[in-house]
Amino acid sequence: MRIRRILGLALAAATLAGVSAVGAVSAAAASAPDISSNDCTAAGGQVVARPYAGEICALPDGTTQPIT
């Protein structure tokens, strides 16, 4: 009985690790790529300069993306 419990816990941990790895890959694939300043203004966004951090594009829908 004790071995069943240990094997069940090991299987649950392996399943959880597999699900979290798939989620991390999905999130990385869904992140938006960097855009140029020309693409930013063409999309209706505004290029914002941040001290020591470079420039970002502030889009009208409230999202921001790094400028390449």
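Just so we're clear, the structure is a prediction, and the values are computed from it rather than from any experiment.

(A) Structural detail: the nonpolar core. With 5 residues, the main nonpolar core is built from I35, C40, C57, L59 and I67. Not counting chain neighbours up to four residues away, the residues in contact with L59 comprise A43, G45 and Q65.

(B) Local environment of the sheet that holds strand β1 (residues 46-50). Pairing in this open sheet of 3 strands is antiparallel, and the strands run β1-β2-β3 from one edge to the other. If you trace the sheet from one side to the other, it starts and ends with β1 and β3 (64-66), each paired once. Averaged over all adjacent pairs, the angle separating strand axes in this sheet is 35 degrees, with direction ignored. Two strands pair when backbone bridges link them, and β1 and strand β2 (residues 54-58) are joined in this way by 5 bridges, in the antiparallel orientation. Bridging from a neighbouring strand, Q46 pairs with A58 of β2.

(C) Seen up close, the pairing of β2. Hairpin connection from β1 to β2: 3 residues lie between these consecutive antiparallel strands, with Y52 at a positive phi of about 65 degrees. Inspection of the sheet shows β2 paired to β3 by 3 bridges, in the antiparallel sense. What sits directly across from A58, in β3, is T64. Where β2 folds back onto β3 in an antiparallel hairpin, the turn is made up of 5 residues, including G62, whose phi is positive at roughly 95 degrees.

(D) Highlighting the state of the cysteines. According to the stated counting rule, one finds 1 disulfide in the structure shown. What pairs with C40 in a disulfide is C57, and their sulfur atoms sit 2.0 Å apart. With the S-S dihedral at roughly 85 degrees, the linkage between C40 and C57 falls on the right-handed side. Separated by 17 residues along the polypeptide, C40 in helix α2 (residues 37-42) and C57 in strand β2 bring together distant segments of the chain. Among the residues examined, C40 registers a relative accessible area of 0% and is labelled buried.

(E) A look at the confidence of the model for the chain. Of all residues in the chain, 69% have pLDDT values of 70 or greater, and the mean over the chain is 78. Mean pLDDT across the elements of the chain bottoms out in helix α1 (residues 2-30) (63) and peaks in β1 (93).

Cut-offs used in this document
- Residues numbered from 1 in each chain as written.
- Predicted model: local features only at pLDDT ≥ 70, side-chain atom pairs only at ≥ 80, totals over all residues.
- Heavy atoms only, no water.
- Core = buried A, V, L, I, M, F, W, Y, C linked by side-chain atoms within 4.5 Å.
- Buried < 20%, exposed > 50% of the residue type's maximum accessible area, 1.4 Å probe, protein only.
- Contact = heavy atoms within 4.5 Å.
- Pairing = 2+ DSSP bridges.
- Helix = DSSP H or I, 4+ residues; strand = E, 2+ residues; numbered from the N terminus.
- Axes fitted to C-alpha atoms, helices over the stretch in contact; angles between N-to-C directions.
- Disulfide = S-S within 2.5 Å.
- pLDDT = per-residue confidence, 0-100.

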